[in-house]
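An overview of the molecular structure
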Amino acid sequence: YPTWDQIDAFRNPLTEGEYALAKYLDVKLPEQWEIFVQPFLNGDRPDIVIFNKAVGLTIYEVKDWQPGLYHSKIRQIKDKLTGQYRTVRQFYVKVNGREQPILNPQTQVNSYRHNLIGLYIPDIGEAIDSYTPNLTSFKLAVYFHKMTTNQAIGLMQTNPSHCSVFGHDTLKSPLNSE
């Protein structure tokens, strides 16, 4: 959803990576899966969401980031409410020779899930609060279209159980070929 004709007519066209992942999912997923491209979720607009009522859903954030232009560092930041420090991974992009801070893609995709289960569908949020394993039906993924999976994981320094991170080579791997 929407149809490919409607997607092709988007006022803001899909990025190369969004298009590649949506096409891949459309070809590879069984018919029981529903694919939502840039769904509007009460102000949130994740790149791609796939859903199967028997399995759950996955929210994808797609990045067309060039290797070498982006990096991350661990920083200590002070919480404005509590005054306590916490450790965060801050991401940066090089623009005109200077580092500009940007949003962590995992934080971005996690906020979509948080809003979906906490604000938009509170009954699900309550079910998760009462039995945490219910959260496993709501998966997160970040796809880096211009990076290999190893480059993407190196950039993200991620815990794979929290959020899947993969690159273009995953879409082309022998297990995924036609």
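Below or above, wherever it landed, is the structure these notes cover. Computed from a prediction, not measured in an experiment: that's the story for all the values here.

Structural notes on helix H5 (residues 149-156)
Looking at H5, one finds that the buried residues are Thr149, Ala152, Leu155 and Met156. The buried residues of H5 all sit within an arc of 130° when viewed along its axis, so they share a single face. Just beyond H5, the residue with positive phi is glutamine 157, at close to 50°.

Structural notes on the pairing of strand E6 (residues 98-102)
Relative to E6, strand E5 (residues 85-95) is paired through five bridges, and the arrangement is antiparallel. Pairing of tyrosine 92 across the sheet is with proline 101, part of E6.

Quick word on the pattern of salt bridges
Throughout the structure, instances matching the rule amount to two salt bridges. Of the charged contacts, one joins lysine 63 and glutamate 61 as a salt bridge, the two residues approaching to 3.1 Å between their closest N and O atoms. Across the pair, exposure class does not vary: lysine 63 and glutamate 61 are buried alike. Close ionic contact of lysine 73 with glutamate 99 constitutes a salt bridge, the shortest N to O distance being 3.3 Å. Taken together, the residues span a long stretch of sequence, with lysine 73 in strand E4 (residues 70-78) and glutamate 99 in strand E6 at a distance of 26 residues.

As for the sheet that holds strand E7 (residues 138-144)
An order of E1-E2-E3-E7-E8 is seen for the five strands of this open sheet, with the pairing classed as mixed. Of all the strands in the sheet, the pair left with one neighbour each is strand E1 (34-37) and strand E8 (164-167). Direction aside, neighbouring strands of the sheet carry axes that sit 20° apart on average. In the sheet, strand E3 (residues 56-63) pairs with E7 via seven bridges, with the strands oriented parallel. Following the sheet pairing, tyrosine 60 is matched in E7 by alanine 141. This element, H5, spans E7 and E8 of the sheet and lies at about 135° to E8.

Points about the environment of cysteine 163
In this structure, cysteine 163 sits in the loop between H5 and E8. When the C-alpha positions of cysteine 163 and tyrosine 60 are compared, they lie 9.7 Å apart, and in sequence the two are 103 residues distant.

A closer look at the nonpolar core
Leu57, Ile59, Trp65, Val109, Phe144 and Leu155 are the most contacted members of the largest nonpolar core, which totals 19 residues. With near-sequence residues (within four places) excluded, tryptophan 65 lies in contact with Tyr70, Phe91, Ile102, Leu103, Pro105, Phe144, Lys146, Met147 and Leu155. Grouped together as the second largest cluster of nonpolar side chains are 17 residues, Ile7, Val37, Ile48 and Ile50 included.

The rules behind each value
Residues numbered from 1 in each chain as written. Predicted model: local features only at pLDDT ≥ 70, side-chain atom pairs only at ≥ 80, totals over all residues. Heavy atoms only, no water. Buried < 20%, exposed > 50% of the residue type's maximum accessible area, 1.4 Å probe, protein only. Helix = DSSP H or I, 4+ residues; strand = E, 2+ residues; numbered from the N terminus. Arc of directions from axis to C-beta. Pairing = 2+ DSSP bridges. Salt bridge = Lys/Arg side-chain N within 4 Å of Asp/Glu carboxyl O. Axes fitted to C-alpha atoms, helices over the stretch in contact; angles between N-to-C directions. Contact = heavy atoms within 4.5 Å. Core = buried A, V, L, I, M, F, W, Y, C linked by side-chain atoms within 4.5 Å.

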